[in-house]
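# Fold and geometry: a report
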Amino acid sequence: MANTDLFHIRTEEAPRLPAPISTTGVIGWMRQNLFSSIGNTVLTVIGILIAYSLIAPLVQFAFIDAVWTGENREACLPQDGGHSGACWAYVEAYFPQFIYGRYPTEEVWRVNIVYFLFAALLIPLAIPNAPFKKINAILFLVVFPIVAYYLLTGLVFGDVVILPIVETAVWGGLLVTLVIAVTGIVASLPLGIALALGRRSKMPIIKLVSIIFIEFWRGVPLITVLFMSSVVLPLFLPDGVTFDKLLRVLIGVTLFSAAYMAEVVRGGLQAIPKGQYEGAMALGLRFWPMMYLIILPQALKLVIPGIVNTFIGLFKDTTLVLIVGMFDLLGQIQSSFTDPTWSTPSTGHTGYLFAAVVFWTFCFGMSRYSIFMENKLHTGHKR
C-alpha cells in the first residue's frame, strides 16, 4: 500500500470534447427557443399550423399554379376548371410601367442613371467603415439631387436642348415612390431635429412657433395635406402663378413627416441625463457645439428605432399620392387593371402581390439596417 499511487496529477490539458448535439446548431436553437417548455411547444405547434394555413395557399398561387409566360389574358385564364394562379406574364408585360410610369421609352436611360447613382452613393454611405465618408455624404446630399433633378426633368440652355424636358405628369411607378420617399426622408430629418430643438428652446417665440407647427401637422391627416396642397392651394395663388404638382406633394409630405420626426427626436433629447448638459457647459461649450458634439449624437442613437419607424411609415404613405392624380407604384398597378388585354380573375391579386413584395423588400431592408446600426452604436449599455 505504501508504494501505491493514491492520486494522479495531470500534466497535459485534457482534450476538448464537442458540445452535445442537442445544445448546438439548429437542434439546440430549436430546443432553446421553440421547445423549451410545454407551453412553448404548444405555441410553436399552433404557430406552425397557422403559418402553414397561410403560406401553403400563397405558394400554391404564386408558384405552383402560376403562369410565367404569355401574350395576353388567354394564357392566364383557368384551364379545364383548374385553379387560377398568379399571372406573372402580366407583370412582365407591365414591368416597365411599374418602374418608370409613362416616362418616354427613349429617355428611360436617364432614370436608369439616377437609379445607379442613387445605389452607388447610398451603399458606401450606409457602410460605417467605408472610406471618404465626408465626400460621399456631400455627393449624396448636395450633388446627387441636382444631377438627378436635371436628368429626370431635362436641361435646356436657351434654344439648345441638352436633355428633352419630361413633365412630372408622366412620371409614375417606382420612380415616383422613390422620389417622394427619399426626398421626404432626407429633408424631414434635419427639419425635425430643428423643430425638436425649437420646442425645447427657452426663447418663447421660437418655442411657440415650433409647438404650433408640430401640433398642426400632427393633427391633420396626410390625405388632407395632399388634397390641400394639390387642389386648394392653387386657388389662393395669383393668376398665372403655379407650382408643379410633384413639388407641392414633396413639400406637403416633408412638412408632415418632419412634425412626427420632431417628436421622436424630442423623446431622445429628454432621455439624456441632465449631467450631460452640465458636463458640456462645464467644458465651456456653447449651445450649438454642445448639441452637435455631445447631446444630439446620444439622443439620435437612442431613438434610432423611432426614426426608422417614421421612415418606413413615410415610405408606405407614398401610396396616398394617388388621391391627387399621381401614379406611384401602387397607383400604376391599379391603373393597369383597366386594360382588357390582361383582364383575368388573378390579375388584380398578382399586381397587389407584386406591390407587396416590393414594399416589403424596401421596408424590411430599412428595418434590418436600423437593427444593425443600433447594435453597432449601442456600446454603452451592453457587455
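None of the values given here were measured: they were computed from a predicted structure.

A few words now on the overall build of the chain. A tally of regular secondary structure across the chain gives 14 helices and four strands. Taking 383 residues into account, the globule formula puts the C-alpha radius of gyration at 21 Å, and the chain, at 28 Å, lies well above it. Among the 383 residues that make up the chain, the fraction classed as buried is 34%. Accessible surface computed for the chain: about 23800 Å², of which carbon and sulfur atoms make up 68%. Each charge class in the chain can be summarised by its mean position, and for the 24 positive and 21 negative side chains these summaries are 18 Å apart.

Mapped onto the elements, R110 comes out in helix α4 (residues 108-126). A distance of 2.9 Å separates the side chain of R110 from the side chain of E107, its partner in a polar contact. If we skip the residues at most four places from it in the chain, R110 touches Y103, Y150, L151, L152, T153, G154, L163, P164 and V166.

Here the focus is the environment of I323. Tracing the backbone shows I323 in the loop between α12 (304-317) and β4 (327-328). Ignoring any residue separated from it by four or fewer positions in sequence, one finds I323 in contact with I223 and L226.

Residues other than glycine seldom take positive phi values, yet F132 does so here, at roughly 55°. Among the structural elements, F132 can be located in the loop between α4 and α5 (133-153).

We now examine the packing of helix α6 (residues 174-199) against helix α7 (residues 204-218). It is at 7 Å that the axes of α6 and α7 come closest, and there the two elements cross at 125°. By the angle between their directions, the pair α6 and α7 is classed as oblique. Crossing geometry of α6 relative to α7 is assigned as left-handed. From α6, L195, G198 and R199 reach across to α7, where they touch I206, K207, S210, I211, F213, I214 and E215. Partitioned by chemical class, the residues of the contact of α6 with α7 number five nonpolar, two polar and three charged.

Let us look at the packing of α6 against helix α9 (residues 245-271). Contact pair α6 / α9: the axes reach a minimum separation of 6 Å and the direction vectors enclose 45°. With respect to each other, α6 and α9 are oriented oblique. Classified by chirality, the crossing of α9 by α6 is right-handed.

This model, assessed by the stated rule, comprises eight salt bridges. A salt bridge links R16 to E13, with the shortest nitrogen-to-oxygen separation between them at 3.6 Å. A residue is classified by how much of its surface remains accessible, and E13, at 65% relative accessible area, is exposed. Note that R266 is salt-bridged to E263, the shortest N-O span being 2.8 Å. Highlighted residues: R266 and E263, both in helix α9, separated by three residues, approximately one helical turn. Within the structure, one salt-bridge network assembled from shared partners comprises R199, E215, R218, E263 and R266.

Time to look at the nonpolar core. Ranked by internal contacts, the top residues of the largest apolar core, which has 83 residues, are W171 and L269. Counting residues per element, this core draws most heavily on α6, which supplies eleven residues. Other than its neighbours up to four places away in sequence, L269 contacts A196, L197, R200, Y277, I295, L296 and A299.

Size it by volume and the largest pocket reaches roughly 2000 Å³. Broken down by secondary-structure element, the contributors of at least two residues to the lining of the largest pocket are α4, α5, α6, α11 (287-302), α12 and α14 (347-377). Among the residues making up the lining of the largest pocket, the classes are represented as 34 nonpolar, three polar and four charged. Of the voids in this model, the second largest pocket is the one considered here, and its volume is about 770 Å³. Elements represented by at least two residues in the lining of the second largest pocket include exactly α4, α5, α6 and α9. Element by element, the count of residues in the lining of the second largest pocket is highest for α5, at eight residues. Across the lining of the second largest pocket, the residue classes break down as 22 nonpolar, three polar and two charged.

On to the pairing of strand β2 (residues 160-163). Regular strands place their side chains on alternate faces of the sheet. Relative to β2, strand β1 (residues 155-157) runs antiparallel, the two sharing three bridges. Along β2, the bridge assignment pairs L155 with L163. Taken together, β1 and the strand that follows it, β2, pair antiparallel across an intervening segment of two residues, in which G158 is found at a positive phi of about 60°.

Per the stated rule, a full pass over the model turns up 23 aromatic pairs. A connected cluster of aromatic rings, assembled from ring pairs, spans Y90, Y94, F95, F98, W342 and F354. R218 extends its terminal NZ or CZ atom over the ring of Y260, reaching a point 5.9 Å from the ring centre.

A grouping of F132, I135, I138, L139, L141, V142, V143, I146, V147, Y149, Y150 and V186 is seen on the molecular surface, where their side chains present a nonpolar patch of about 1100 Å² in accessible area. On the secondary structure map, V143 appears in helix α5.

Bringing α4 into the picture now. Taking 1.5 Å per residue as the helical rise, α4 with its 19 residues ought to reach 27 Å, and the 27 Å between its terminal C-alpha atoms agrees with that figure. Along α4, the residues that are buried comprise V108, R110, V111, V114, F118 and L121. For α4, the buried positions fall inside an angular range of 165° around the axis, keeping them on one side. Exposed and facing more than 90 degrees away from the buried side of α4 are F116 and I123.

About the cut-offs
Residues numbered from 1 in each chain as written. Predicted model: local features only at pLDDT ≥ 70, side-chain atom pairs only at ≥ 80, totals over all residues. Heavy atoms only, no water. Helix = DSSP H or I, 4+ residues; strand = E, 2+ residues; numbered from the N terminus. Rg over C-alpha atoms; globule rule 2.2 N^0.38 Å. Buried < 20%, exposed > 50% of the residue type's maximum accessible area, 1.4 Å probe, protein only. Areas by Shrake-Rupley, 256 points an atom, 1.4 Å probe, with all protein chains shown as cover. Lys, Arg positive; Asp, Glu negative; His and termini not counted. Charge placed at Lys NZ, Arg CZ, Asp CG, Glu CD. Polar contact = N/O pair within 3.5 Å; in protein donor to acceptor, adjacent residues only side chain to side chain. Contact = heavy atoms within 4.5 Å. Axes fitted to C-alpha atoms, helices over the stretch in contact; angles between N-to-C directions. Parallel < 35°, antiparallel > 145°, perpendicular 65-115°, else oblique. Left-handed = near helix turned anticlockwise from the far one by under 90°. Nonpolar A, V, L, I, M, F, W, Y, C, P; charged D, E, K, R; others polar. Salt bridge = Lys/Arg side-chain N within 4 Å of Asp/Glu carboxyl O. Core = buried A, V, L, I, M, F, W, Y, C linked by side-chain atoms within 4.5 Å. 1 Å grid on protein atoms, 1.4 Å probe; cavity = no way out; pocket = protein on both sides within 12 Å on 5 of 7 lines; lining within 4 Å. Points joined across faces, edges and corners; volume = space filled by probe spheres on them. Pairing = 2+ DSSP bridges. Phe/Tyr/Trp six-rings, centres within 6.5 Å; stacked < 30°, edge-to-face > 60°. Lys NZ or Arg CZ within 6 Å of the ring centre and 35° of its normal. Patch = residues over 30% accessible without salt bridge, like charges linked within 9 Å, V, L, I, M, F, W, Y side chains within 5 Å. Expected span 1.5 Å × (residues − 1). Arc of directions from axis to C-beta.

None of this, on its own, says anything about what the molecule does.
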